[in-house]
Amino acid sequence: MDKIQLHLSVVNRFGVLVRISELFARRGFNISSLEVHETADPMVSEMTIVAYGDDYAHTQMLRQLGKLHDVISID
Amino acid sequence: MKITGSDILVETLIEQGADVVFGYPGGQVLNIYDSLYLKSDRIKHVITAHEQGAAHAADGYARATGKVGVVIATSGPGATNLVTGLATAMLDSVPMVAITGNVPCSLLGRDSFQEVDIVGITIPVTKHNFMVTKTEELADTVREAFKIAKSGRPGPVLVDIPKNVQISTAEYEPVPVVAPFDMPKAEEELIEKAAELIAESKKPYIYCGGGIISAGAEAELCELSEKIDAPVGCSIMGITAIPDSHPKKLGMTGMHGCFTASKAKNDADLVITLGARFSDRATGNVAKFCKSAKIIHIDVDAAELDKNVKVDLGIRGDVKDALARIIAKVAEKKNPAWWEEINTIKAFEKENAAAQIGTLTPYQVIETVNSYLPDDTPVATDVGQHQMWTAQKYCFEKPRTFMTSGGLGTMGYGMGAAIGACIATGKRTVLFTGDGSFGMNLNEMATAVSQKLPLIVVVLNNGVLGMVRQWQAAFYNHHFSETTLERKTDFPALARAFGASGFSVSTVDELNMAMKMAVKNAGPVIIDCAIDMDERVLPMIPPGGAIENMILS
């Protein structure tokens, strides 16, 4: 199990955190730590998620997050 | 000019091409229904018996036409009754927009009467959802919902509108129908790699799913199969992607798929997978899936690549565009030895086909009904044995003629879906259902009658929950726990009670007589077909099994 660190830019709107955490829960991925903060742009928040998993889990996290309408970018 | 939120909603629905919407009024959508009343010359609303039926009708409308289906429900129970319909559409990638009313913003979060967090509830079963809190944002949010629903891999989107947002006014300016987001295009390098693998292959096989139909790539699919002389198998969602009469089509693969289609897939040296997602029902044991083949997988949804089956070449992109480019790159080829092998499998399958047992067999029902209906007839099913028999035996010739819940397996889907497809196409529609499935949402007969729909409901009536019974017989020591219904439902009398016509048949001759009358009938007809409770769906690959475990008879 490798440590997976994901940095996301997301829309700063109510309910966005639920969509992201629900995705992890539904696919059976555990979030080890999570940090969210506002940016200079009031429309955008940044999020750092740490989770553990194999390559399969890592790829699925990236691709499933990429489908969320409120996720602007991931790196 | 400023108009009310409810007027903005209805104008935006019309603007975005919704000519028919399905729904059910209630306290928090009264304003929307008032706007629908005033604009009824431009948009038709169909009231169903239950919101679930309305959701499935919007789904059936979307599958039959490729357009976005629209359903409207009130807050609370109205909204929660949509959940099964949304999940059904989500699993089968059907474009839908669901509109729900909610309590005014000032009452949100107070457990008000008929208040429910439908946005929270439907996050996992929608592609996206919205709550609109300002009337100024309503039109653009609804447009965005349509755009998301029909873009890329389609799916359902819910828009929750509190009552005060419906009442307040804002400026409204009509805009043209929104275009979908640009489809991702496959990388050229991967297209070249695919063409190389096809050129090297001696035993190519095309496996297609519902993505071909969503992308409108039916012609490209046929062209590729002809150019590279490859057989075509499909998932249940891909059945109408290529006509059943096409010489390259082998049929459905998977748990209850045709033996030849499944065996050839197993024996191929290259499986070209197009717009399919390798569901467990389609693959069986993934460790033994297509062991001797290289697998190409083309899908618009990147998350599907390597999700269920690890593939040799995953290509993300619009399958229609990718196919056209592959066709242009590959040379024409013939695979006579491969086809000889396939024909041997076909002959083996024919010799070993399981016989059905009753006086009126399920296959006789499907084939007899089929013989009275033109190729463009919309065909809906519920879920269970009758669904598999229909998928196996009905001759599908045109895309978008098969409305079936493939992914979620929703018993009770059929009545709503058939109503939606019938209204969308204006064509006589048939629903194959079972006595179990039909019992779940037969209230929608009331809708079929009030809408005067030429709908033929064929009930394959075995008095049991046949698919579960089949599993209980095979894997649970014949413990028929709660699957023997012992109901005394008189279906022709039930039909009459709804204001429809009904027949009970137990022989092919009687079914012929009933069908002759049914195809002339202006309104809905129920044909109750008595079949044996021990009929099985065969062949069958047991769950987690592979081709060598297939039970033929």
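No experiment lies behind these values; they were computed from the predicted model shown.

(A) The overall build of chain B, seen in detail. What chain B contains, in helices and strands, is 23 helices and 20 strands. In terms of C-alpha radius of gyration, chain B reaches 24 Å, essentially the compact-globule figure of 24 Å for 553 residues. Reported as C-alpha extents along the three principal axes, the dimensions of chain B are approximately 70 × 60 × 45 Å. Buried residues in chain B amount to 59% of all 553 residues. With the model as given, the accessible surface of chain B reaches about 20700 Å², and the carbon-plus-sulfur share is 53%.

(B) Expanded view of the side chain of Glu397(B). Residue and element names in this part refer to chain B. Structurally, the position occupied by Glu 397 is in the loop between helix H17 (385-393) and strand E16 (402-403). Of the side chains with opposite charge, Lys 398 lies nearest to the buried Glu 397, which makes no salt bridge, at 7.2 Å. A polar atom in the side chain of Glu 397 sits 3.4 Å from the backbone nitrogen of Asp 244. A distance of 2.6 Å separates the side chain of Glu 397 from the side chain of Ser 245, its partner in a polar contact. Setting aside chain neighbours within four positions, we find Glu 397 in contact with Pro 243, Asp 244, Ser 245 and Asp 375.

(C) The interface of chain A and chain B, seen in detail. Facing the 13 residues of chain A at the interface are 16 residues of chain B. For the pair chain A and chain B, the summed buried surface comes to about 1300 Å²; carbon and sulfur atoms form 54% of the total. Three residues stand out in chain A for area buried against chain B, namely Arg19(A), Arg63(A) and His69(A), and they jointly supply 46% of the buried area on that side. The tally of links from chain A across to chain B stands at 1 salt bridge. Residue Lys67(A) is joined to Asp301(B) by a salt bridge in which the shortest nitrogen-to-oxygen separation is 2.6 Å.

(D) Spatial organisation of the domain arrangement of chain B. Residues and elements named next belong to chain B. In terms of domain boundaries, chain B breaks down into domain 1 (2-171), domain 2 (188-351) and domain 3 (362-530). Between the C-alpha centres of domain 1 and domain 3 the distance comes to 29 Å. Domain 1 puts 25 residues into the contact, and the matching count from domain 3 is 22 residues. With both chains or domains summed, domain 1 and domain 3 bury close to 1800 Å², and 63% of this area falls on carbon and sulfur atoms. Here domain 1 is connected to domain 3 by 0 salt bridges.

(E) Spotlight on the side chain of Glu51(B). Residue and element names in this part refer to chain B. Secondary-structure assignment places Glu 51 in helix H3 (residues 51-65). Buried within the structure, Glu 51 lacks any salt-bridge partner; Lys 163 is the closest side chain of opposite charge, at an N-O distance of 15 Å. A polar side-chain atom of Glu 51 sits 3.0 Å from a polar atom in the side chain of Asn 81.

(F) Quick peek at the pattern of salt bridges. Residue and element names in this part refer to chain B. Counting across every chain of the model gives 29 salt bridges over all chains. For Asp 301, the salt bridge identified is with Arg 153, shortest N-O distance 2.8 Å. Highlighted residues: Asp 301 in the loop between strand E13 (294-299) and strand E14 (313-316) and Arg 153 in the loop between helix H7 (138-150) and strand E7 (156-162), separated in sequence by 148 residues. When the shortest N-O distance is used, the salt bridge between Asp 267 and Lys 263 registers 2.9 Å.

(G) Region of the structure containing the sheet that holds strand E3 (residues 44-47) of chain B. All names here are of chain B. Spatial ordering of the open sheet is given by E3-E2-E4-E5-E7-E6, a layout of 6 strands whose pairing is parallel. Edge strands, defined here as strands with exactly one partner in the open sheet, are E3 and strand E6 (128-131). On average, adjacent strands in this sheet sit at an angle of 20 degrees to one another, irrespective of strand direction. Relative to E7, E6 runs parallel, the two being bridged by 4 bridges. Each bridged residue has a counterpart across the sheet, and for Asn 129 the counterpart in E7 is Leu 158.

(H) Seen up close, the sheet that holds E13(B). Residue and element names in this part refer to chain B. Spatial strand order, E11-E10-E9-E12-E13-E14: 6 strands in an open sheet with parallel pairing. The open sheet has two edge strands, strand E11 (249-252) and E14, and neither has a second partner. In this sheet, neighbouring strand axes are inclined to one another by 15 degrees on average, regardless of whether the strands run parallel or antiparallel. Direction of pairing for strand E9 (residues 204-208) relative to strand E10 (residues 232-234): parallel, over a ladder of 3 bridges. Opposite Cys 208, over in E10, you have Cys 234 as the bridge partner.

(I) Representation of unusual backbone geometry within the structure. Residue and element names in this part refer to chain B. Cis geometry is adopted by the peptide bond preceding Pro 539, which originates at Leu 538 and carries an omega value of 0 degrees. Here Pro 539 lies in the segment after strand E20 (525-530). At Gln 114, a residue that is not glycine, the phi angle is positive and equals roughly 55 degrees. Along the chain, Gln 114 turns up in the loop between strand E5 (96-102) and helix H6 (118-122). In this structure Gln 114 comes out as partly exposed when scored by relative accessible area, which is 26%.

(J) Representation of the state of the cysteines. Residue and element names in this part refer to chain B. According to the stated counting rule, one finds 0 disulfides over all chains in the structure shown. Free of any disulfide, Cys 222 has its nearest cysteine sulfur in Cys 208, 9.0 Å distant. Overall, Cys 222 belongs to the buried group, its relative accessible area being 14%. In this structure Cys 290 is not part of a disulfide, and its nearest cysteine sulfur, from Cys 208, lies 14 Å away. The buried category is assigned to Cys 290, whose relative accessible area is 4%.

Criteria and thresholds
Counting restarts for each chain: residues are numbered from 1 in the order of the written sequence. By the order in which they are written, chains take letters starting at A while ligands take numbers starting at 1. Confidence filtering applies because this is a predicted model: local features only for residues at pLDDT of at least 70, side-chain atom pairs given and counted only at 80 or more, and all residues used for totals across whole chains, interfaces and linings. Here the side-chain values reflect all heavy atoms present in the structure, with hydrogen atoms and water set aside. Here a helix means four or more residues in a row that DSSP labels H or I, a strand means two or more in a row labelled E, and each is numbered from the N terminus. Our radius of gyration looks at C-alpha atoms and nothing else; its globule reference is 2.2 Å times the residue count to the power 0.38. Burial classes follow relative accessibility: with a 1.4 Å probe on protein chains only, a residue under 20% of its type's maximum area counts as buried, one over 50% as exposed, and anything between as partly exposed. For the area figures, the Shrake-Rupley method with a 1.4 Å probe applies, and any residue is considered shielded solely by the protein chains shown. In this tally, Lys and Arg are treated as positive and Asp and Glu as negative; His is ignored, and so are the chain termini. Salt bridge, as used here, is a side-chain nitrogen of Lys or Arg placed within 4 Å of a carboxyl oxygen of Asp or Glu. Residues adjacent in sequence count toward polar contacts only when both atoms are side-chain atoms; beyond that, a polar contact is any pair of N or O atoms within 3.5 Å, and within protein one must be able to donate a hydrogen and the other to accept it. What makes two residues a contact is simply this: any of their non-hydrogen atoms within 4.5 Å. Summed over both partners, the accessible area (1.4 Å probe) lost when two parts come together is defined as the buried area. Segmentation into domains, and thus their bounds, comes from an automatic or database assignment. The pairing criterion is simple: DSSP has to find at least two bridges between the two strands. Lines fitted to C-alpha atoms define the axes here, with helix axes fitted over just the stretch in contact, and angles between the N-to-C directions of these axes take values from 0 to 180 degrees. Any two cysteine sulfur atoms lying within 2.5 Å of each other are counted as a disulfide.

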